[in-house]
Amino acid sequence: MPFSFDALRRRPDLEGPDLVAVDAADRLILDESADDRARLGEGELVVIGDSFGALTLGAADAGARGIRVHQDEILGEEALRANAVEADLHDAFTSHALDASLLSGARVVLLRLPRSLRALADIAGLIALHAHPDVVVYAGGRLKHMTVTMNDVLRERFDRLDVSHARQKSRVLIARGPRDGVEPEPDAAEVDGIRIRAFGGAFAGASIDIGTRLLLAHLPAPRDGRAIDLACGTGVVAAALAVRHPSLEVIACDQSAIAVASARATAGANGVADRVQVVRDDMMRSQPDATASLIALNPPFHSGAAVTDQLAPRMFADAARVLAPGGELWTVWNSALQYRPALERLVGSTRQVARDRKFTVTVSTKR
C-alpha cells in the first residue's frame, strides 16, 4: 500500500495521549531536512530515536535508501518493521546498535531528542566522532520536552547550532561542524557495595533508586540457583544477587539498548559477568514457560516520554507465564499505583513484605 503517516501503527498494547505513531516534531524534522536529504547518496542518512518509524519511512517514501536506524526500545524496532512492511518500504533501512556502524560516513542525521541530557551528550559525541565532516544533524522534539541546556550539549560537539521556528509546539535544533568526538563512557559509582555503571538515559543513572533499595533489602536466595531480573535497568538487582550468592546464575533482561549496555557494564564491574546473562528482550519473550523459581521486578511506568500504567500488567502476565508453579515474583512498586489486585489476578496469591513512605514490596506465588 502507498505510504501514509495516518497508516502508521504505534504499540497496540499501550494507550495514552503521548503514545502516537507520528507527531508534529516528526513532521517538522522531515520538513526542515528535506533539502539536505534530497542531495544524499545511498547509505548517507541516519535516523536515531524514531519511535514507530515516522522519520525513517517518511524519508524512505521521499526516496532515501540504505537508511541506518537506531532505536533504543526493541518494541520500536518491531513497530518500524511492521509499518515498513505495510508501506512496502521494508528494504529501505537497516537497524544498528548505537556505534560506529550506525554513523560512519553519515551526512545527515535525523534525531528525536532524548529527554536525558547525558543520552544526548553520548549521541552527539558519537556523531562527531564517526560521521562525515559535513554532517548536518536535525534534532527535534516537542517544546514541553526540550530545554535550553540541550543547545549547550550540542554546542560542545558542533561548531554551529541553528534553531528552527516553532511549529505546532515543536522545534528543531540544526547542528553542523562536528568536533571533539568521543565514545560514550558510563557513569560510575559504588553504592552499598555494588559497583554501578550507567550510560546516558539509563533509569536512576549510577545510583540505586529508593524502590530498588527496598526490594534488595528483602530479596531471598533463589531456591534453584537461578533468578531473573526483569526490566533490569542498569543491572543493580542482577549484580547484587550474583554477588550475594556465588553459585547463582542470573538472567537480566530489558527492552532498552541503553539499559542492556549498562547492565553488562555493571556485571563486569562487579566481577560477575560470567554468571549474569544480559538479554535485550520484550519482557521475557526468550524465556521458556514455567521454568523460573524467582523473578525480581521494579516495573517501569514510562514508554519514551509518555507515562502509562499499562506496562506493569503486561510484565506481571509474562512473569506468570515464565514462573514455575510455586515460583515467586518479587515486585516493588509505588504504593499509589495499587498493583496488588493485578498481581493477585495475573500471578497468584500476593502478600506484602515491606512498605515505606512511598514504596511497597510484595511477593506473588504462581498458582
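Residues numbered from 1 in each chain as written. Predicted model: local features only at pLDDT ≥ 70, side-chain atom pairs only at ≥ 80, totals over all residues. Heavy atoms only, no water.

## Quick look at helix α10 (residues 311-322)
Link 1 in the chain: Taking 1.5 Å of rise per residue, the twelve residues of α10 would be expected to cover 16 Å, and the 17 Å separating its terminal C-alpha atoms lies within 8% of that figure.
Link 2 in the chain: Taken as a whole, α10 has its buried residues at Leu-311, Ala-312, Met-315, Phe-316, Asp-318, Ala-319, Ala-320 and Val-322. (Helix = DSSP H or I, 4+ residues; strand = E, 2+ residues; numbered from the N terminus. Expected span 1.5 Å × (residues − 1). Buried < 20%, exposed > 50% of the residue type's maximum accessible area, 1.4 Å probe, protein only.)

## Observations concerning the sheet that holds strand β18 (residues 359-365)
Link 1 in the chain: One open sheet accounts for seven strands, arranged β12-β11-β10-β13-β16-β18-β17; its pairing is mixed. Of all strands in the sheet, those bounded by a partner on one side alone are β12 (276-280) and β17 (350-355). Averaged over all pairs of adjacent strands, the angle between strand axes in this sheet comes to 20°, irrespective of strand direction.
Link 2 in the chain: Both strand β11 (residues 249-254) and β12 contribute to a ladder of five bridges, which runs parallel. Each residue of the ladder has a partner; that of Ala-252, found in β12, is Val-278.
Link 3 in the chain: Across the sheet, helix α8 (residues 236-244) touches β10 (226-230), β11, β12 and β13 (292-297), and the angle it forms with β11 is around 175°.
Link 4 in the chain: Here helix α9 (residues 257-269) sits on the sheet in contact with β11 and β12, set at roughly 170° to β12. (Pairing = 2+ DSSP bridges. Axes fitted to C-alpha atoms, helices over the stretch in contact; angles between N-to-C directions. Contact = heavy atoms within 4.5 Å.)

## Describing the side chain of Gln-255
Link 1 in the chain: Relative to the elements of secondary structure, Gln-255 occurs in the loop between β11 and α9.
Link 2 in the chain: Assessed through its relative accessible area of 17%, Gln-255 is described here as buried.
Link 3 in the chain: A polar contact is formed between the side chain of Gln-255 and the backbone nitrogen of Leu-75, at a distance of 3.1 Å. (Polar contact = N/O pair within 3.5 Å; in protein donor to acceptor, adjacent residues only side chain to side chain.)

## Section: the pairing of strand β9 (residues 194-198)
Link 1 in the chain: Residue alternation in β9 divides its side chains into a buried set, Ile-194, Ile-196 and Ala-198, and an unburied set, Arg-195 and Arg-197.
Link 2 in the chain: Count of turn residues in the strand β8 (residues 187-191)/β9 antiparallel hairpin: two residues, of which Asp-192 carries a positive phi of about 55°.

## What to know about helix α3 (residues 74-86)
Link 1 in the chain: Helix length check: α3 (13 residues) gives 19 Å between terminal C-alpha atoms against 18 Å at 1.5 Å per residue, within 8%.
Link 2 in the chain: Of all the residues in α3, the buried ones are Ile-74, Leu-75, Gly-76, Glu-77, Ala-79, Leu-80, Asn-83 and Ala-84.
Link 3 in the chain: In this fold, the buried residues of α3 make contact with α2 (54-61), β2 (67-70), β3 (93-95), β12 and α10.

## Examining the state of the cysteines
Link 1 in the chain: With the rule as written, the count across this model stands at zero disulfides.
Link 2 in the chain: You can see Cys-232 has no disulfide; the closest cysteine sulfur is in Cys-253, sitting 6.5 Å from it.
Link 3 in the chain: Owing to a relative accessible area of 8%, Cys-232 belongs among the buried residues under this scheme.
Link 4 in the chain: Residue Cys-253 is classed as buried on the basis of its relative accessible area, which comes to 2%. (Disulfide = S-S within 2.5 Å.)

## Re the side chain of Gln-71
Link 1 in the chain: In this fold, Gln-71 is placed in the loop between β2 and α3.
Link 2 in the chain: Judged by its relative accessible area of 3%, Gln-71 is buried.
Link 3 in the chain: There is a polar contact of 2.9 Å between the side chain of Gln-71 and the backbone oxygen of Gly-76.

## Things to note about the packing of aromatic side chains
Link 1 in the chain: Inspection of the entire model under this criterion finds two aromatic pairs.
Link 2 in the chain: For the ring pair Phe-316 and Tyr-339, a centre distance of 5.4 Å and an interplane angle of 80° mean the geometry is edge-to-face. Of this pair, Phe-316 sits in helix α10 while Tyr-339 sits in the loop between β16 (323-334) and α11 (340-346), and the two are 23 residues apart along the sequence.
Link 3 in the chain: For Phe-316, a relative accessible area of 0% gives the class buried. (Phe/Tyr/Trp six-rings, centres within 6.5 Å; stacked < 30°, edge-to-face > 60°.)

## Focus on the packing of helix α5 (residues 117-130) against helix α6 (residues 148-155)
Link 1 in the chain: Interhelical geometry of α5 versus α6 gives an angle of 25° and a closest axis separation of 9 Å. Considered as vectors, α5 and α6 are oriented roughly parallel to each other. Helix-helix and strand crossings are classified by hand; for α5 and α6 the assignment is right-handed. Contact with α5, carried on its side by Leu-117, Leu-120, Ala-121 and Ala-124, involves Thr-149, Met-150, Val-153 and Leu-154 of α6 and no other residues of that element.
Link 2 in the chain: Its residues assigned to classes, the contact of α5 with α6 shows seven nonpolar, one polar and no charged. (Parallel < 35°, antiparallel > 145°, perpendicular 65-115°, else oblique. Left-handed = near helix turned anticlockwise from the far one by under 90°. Nonpolar A, V, L, I, M, F, W, Y, C, P; charged D, E, K, R; others polar.)

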